[in-house]
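Each chain, written out:
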Amino acid sequence: LSGTMLELYKSLEERILALHPSVRRACKKLYIAFKLETNFVDVVPQASRLRLSLNMAFDEVDDPKGWCKDVTGLGRWGNGNVEVGFSELSQLDYILELVEQSLNTQLQE
């Protein structure tokens, strides 16, 4: 990660870690996992965006802007059936709403 993507990642990481006192970050070879008992969001760095995998069922996500993509059954790095791209700081608040849904899904289990 470097330049704009590093700035985006740092802003995202700070906000995710602030969601719950038990959230931990784990750096894997190809992605960064944020977890409680298991991953609730994985961040895959790409050249022009951060690809987030939300660990929840696609039909459970509340996504009024239609940014999420159903990746159920597709081979991807990271855990989860919901994928969303993050490429601009202006998207951060909405992205956090989506991430928080995945966290809350895990907290309810």
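The structure under discussion appears in the preceding block.
Residue positions are given per chain, counting from 1 as you read along its sequence in written order. Given that the model is predicted, a residue must reach a pLDDT of at least 70 before its local features are reported, and side-chain atom pairs must reach 80 or more before they are shown or counted; all residues, however, enter totals for whole chains, interfaces and linings. Water and hydrogen atoms play no part in the side-chain values, which are based on all heavy atoms of the structure.

Undergrad: Can you walk me through the overall build of the protein chain in this structure?
TA: Of the regular secondary structure elements, the protein chain holds 2 helices and 6 strands. Reading the protein chain from its N end, one meets helices and strands in the order α-β-β-β-β-β-β-α. Its C-alpha atoms give the protein chain a radius of gyration of 13 Å, near enough to 13 Å, the size a compact globule of 109 residues would have. Summarising its shape, the C-alpha atoms of the protein chain cover approximately 35 × 30 × 25 Å along the three principal directions. For each residue, the accessible area found with a 1.4 Å probe, counting protein chains only, is set against the maximum for its type, and the residue is called buried under 20%, exposed over 50%, and partly exposed in between. For the protein chain, the proportion of its 109 residues judged to be buried stands at 42%. Sequence-distant contacts, at least 24 apart, represent 56% of the contacts inside the protein chain between residues at least 6 apart. Here a strand is any run of E in DSSP of at least two residues, a helix any run of H or I of at least four, and the numbering for each starts at the N terminus. Computation of the radius of gyration draws on C-alpha atoms, with the globule rule given as 2.2 Å multiplied by the number of residues to the power 0.38. Contacts were defined at the residue level, with two residues in contact if any of their heavy atoms lie within 4.5 Å.

Undergrad: When you look at the packing of aromatic side chains in this model, what are you seeing that I'm missing?
TA: How two aromatic rings sit relative to each other is given by the distance of their centres and the angle of their planes. Aromatic rings from Phe, Tyr and Trp, with only the six-membered ring used for Trp, were paired whenever their centres fell within 6.5 Å, and each pair was classed as stacked if the ring planes differed by under 30 degrees, edge-to-face if by over 60, and tilted otherwise. Under the definition given, this model contains 1 aromatic pair. Ring centres of Trp67 and Tyr94 lie 4.7 Å apart, and the angle between their planes is 75°; on these two criteria the pair is classed as edge-to-face. Residue Trp67 is located in the loop between β4 (50-54) and β5 (69-70), and its partner Tyr94 is located in helix α2 (residues 92-108); the two are separated by 27 residues in the primary sequence. Judged by its relative accessible area of 7%, Tyr94 is buried. Whether a charge lies above a ring is judged from NZ of Lys or CZ of Arg, which has to be within 6 Å of the ring centre and within 35 degrees of the ring normal. Across the ring face of Tyr94, the terminal group of Lys65 is positioned such that the distance to the ring centre comes to 4.7 Å.

Undergrad: Just checking my understanding: could you explain a negative patch on the surface for this structure?
TA: Grouping into patches uses exposed residues only, defined as over 30% relative accessible area, and leaves out salt-bridged ones; the cut-off is 9 Å for like charges and 5 Å for nonpolar side chains (Val, Leu, Ile, Met, Phe, Trp, Tyr). Reported accessibility uses the Shrake-Rupley method at a 1.4 Å probe radius. Residues are deemed covered only where the shown protein chains occlude them. Criterion for a salt bridge: a side-chain nitrogen of Lys or Arg within 4 Å of a carboxyl oxygen of Asp or Glu. In this tally Asp and Glu are treated as negative and Lys and Arg as positive; neither His nor the chain ends contributes. The location of each charge is read from NZ of Lys, CZ of Arg, CG of Asp or CD of Glu. Taken together, Glu37, Asp59, Glu60, Asp70 and Glu109 make up a surface patch of like negative charges. Mapped onto the elements of the fold, Glu37 is located in the loop between β2 (32-35) and β3 (39-45). Taking relative accessible area as the criterion, Glu37 reaches 80% and is therefore assigned exposed.

Undergrad: For this particular structure, what's the right way to read the nonpolar core?
TA: Here is a general trend for soluble globular proteins: nonpolar side chains tend to be buried in one another's company. If you look at the biggest cluster of nonpolar residues, it comprises 28 residues, and the most contacted ones within it are Leu12, Phe34, Leu50 and Leu52. Looking at this core, the elements that each hand over two or more residues are α1 (3-17), β2, β3, β4, β6 (82-86) and α2. The element that contributes the greatest number of residues to this core is α2, accounting for 7 residues. Put simply, buried Ala, Val, Leu, Ile, Met, Phe, Trp, Tyr and Cys residues joined by side-chain atoms within 4.5 Å make one nonpolar core.

Undergrad: Got a minute to help me understand the pattern of salt bridges in this structure?
TA: Any two side chains of opposite charge can pair, given that their charged atoms come close. Tallied over the entire structure, the rule returns 4 salt bridges. Two residues, Arg25 and Glu13, come together in a salt bridge whose shortest N-O distance is 2.5 Å. Residue Arg25 is located in strand β1 (residues 24-27), and its partner Glu13 is located in helix α1; the two are separated by 12 residues in the primary sequence. For Asp93, the salt bridge goes to Arg15, with nearest N and O atoms at 3.0 Å. Of this pair, Asp93 sits in helix α2 while Arg15 sits in helix α1, and the two are 78 residues apart along the sequence.

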